Amino acid sequence: MASIAKQVWQKIKEDIVIRRAIEKKIISTKNLAMHLIKVKKVPVSIDAVVSAIRRYKEDSPLEKKFEQARKILRKSNDIKMTSNIAQVVLRKNKHTQKRLVKAFELVDYDIGELLIIMQGEGSLKLMVNEKNLKDLTKLFPPSSLLSKTKGLALINIHMSEKAQKIPGVGAIITQELTLNDISMWEMMSSNPDLLLFLEQKDLAKTYEIIYPLCQ
């Protein structure tokens, strides 16, 4: 029986939806047992699975974590939106690195212009204002340019500095965007700011979703 219980508990731990449903007590034990047997392929009788579910205890309750994340998110100080952003993807090599320094000369931070550089295994990704896109791409040979995309936007959430130490803040935001069929191009943080890049057509809808979470 101990082995069966461990199998069932492991399947529960692997599924965050099931774990949250159990915590909220909104799921039928019998229906969950049937689901684990049918979908999760737990090869035992339904009575054995039901017994294991009833003895399951959550070591680290998820709902408390999510509620704490919601509280810290509601303490956000400001939300800013920036439209007309472009993404440039470059090959990562020494030639690109040497030219990259000149990209900073194109940007005026004093008037709020944007230049964010992300490093991948074989490429560099730059987020810039569309007005600087043409001059930026001129800095690099065509062979270094992997792709460029216009029509993006940024939502900058200025959060409490404590947010960096609270797990689940990003999960709450991505969950809401997923439920509303909104895709993010990038999500990154520069404490205390959380930056969300998305398609410009989704900017207004995303703001309507994010704003209530931060109040």
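Residues numbered from 1 in each chain as written. Predicted model: local features only at pLDDT ≥ 70, side-chain atom pairs only at ≥ 80, totals over all residues. Heavy atoms only, no water.

### A few points about the overall build of the protein
Next, step 1: Within the protein, the secondary structure is distributed over nine helices and six strands.
Next, step 2: The globule rule puts the C-alpha radius of gyration for 215 residues at 17 Å, and the 23 Å found for the protein is more than 25% above it.
Next, step 3: Overall, the C-alpha framework of the protein stretches about 70 × 40 × 30 Å when taken along its three principal axes.
Next, step 4: Burial status across the protein gives 38% buried among its 215 residues.
Next, step 5: Of the roughly 13,000 Å² of accessible surface on the protein, 51% is carried by carbon and sulfur atoms. (Helix = DSSP H or I, 4+ residues; strand = E, 2+ residues; numbered from the N terminus. Rg over C-alpha atoms; globule rule 2.2 N^0.38 Å. Buried < 20%, exposed > 50% of the residue type's maximum accessible area, 1.4 Å probe, protein only. Areas by Shrake-Rupley, 256 points an atom, 1.4 Å probe, with all protein chains shown as cover.)

### Focus: the packing of aromatic side chains
Next, step 1: If you walk through the whole model with that rule in mind, you get one aromatic pair.
Next, step 2: When the ring centre of phenylalanine 66 is taken as reference, the NZ or CZ atom of arginine 20 above it lies at 4.0 Å. (Phe/Tyr/Trp six-rings, centres within 6.5 Å; stacked < 30°, edge-to-face > 60°. Lys NZ or Arg CZ within 6 Å of the ring centre and 35° of its normal.)

### Some thoughts on unusual backbone geometry
Next, step 1: Cis geometry is adopted by the peptide bond preceding proline 192, which originates at asparagine 191 and carries an omega value of 10°.
Next, step 2: For asparagine 84, which is not glycine, the phi dihedral falls at a positive 55°.
Next, step 3: Here aspartate 181, not a glycine, exhibits a phi torsion of approximately 55°, which is positive.
Next, step 4: Looking at the secondary structure, you find aspartate 181 in the loop between α8 (169–179) and β5 (184–190).

### Looking at the nonpolar core
Next, step 1: Grouped together as the largest cluster of nonpolar side chains are 24 residues, with contacts concentrated most on Ile157, Ile173, Leu196 and Ile210.
Next, step 2: At the level of secondary structure, the elements contributing two or more residues to this core comprise α5 (62–73), β4 (145–158), α8, β6 (193–199) and α9 (203–213).
Next, step 3: Looking at this core, the element that brings in the most residues is α5, giving five residues. (Core = buried A, V, L, I, M, F, W, Y, C linked by side-chain atoms within 4.5 Å.)

### Focus on the pairing of strand β1 (residues 78–91)
Next, step 1: Of the strand pairs in this sheet, β1 and β4 are connected by 10 bridges, and their pairing is antiparallel. In the strand pairing of β4, leucine 90 is matched with leucine 145.
Next, step 2: Examined bridge by bridge, β1 and strand β3 (residues 123–129) share seven bridges and lie antiparallel to one another. For isoleucine 85, the partnering residue across the bridge sits in β3 and is asparagine 129. (Pairing = 2+ DSSP bridges.)

### A closer look at the pattern of salt bridges
Next, step 1: All chains considered together, the criterion is met by nine salt bridges.
Next, step 2: With a closest N to O distance of 2.5 Å, glutamate 63 and arginine 20 form a salt bridge. Placement of glutamate 63 in helix α5 and of arginine 20 in helix α2 (residues 16–24) is noted, with a sequence separation of 43 residues between them. Accessibility classification places glutamate 63 together with arginine 20 in one group, the buried group.
Next, step 3: Members of the salt-bridge network, linked through shared partners, are Arg20, Lys24 and Glu63. (Salt bridge = Lys/Arg side-chain N within 4 Å of Asp/Glu carboxyl O.)

### Thoughts on a positive patch on the surface
Next, step 1: A cluster of basic residues, Lys94, Lys98, Arg99 and Lys102, forms a positive patch at the surface.
Next, step 2: For arginine 99, a relative accessible area of 32% puts it in the partly exposed group. (Patch = residues over 30% accessible without salt bridge, like charges linked within 9 Å, V, L, I, M, F, W, Y side chains within 5 Å. Lys, Arg positive; Asp, Glu negative; His and termini not counted. Charge placed at Lys NZ, Arg CZ, Asp CG, Glu CD.)

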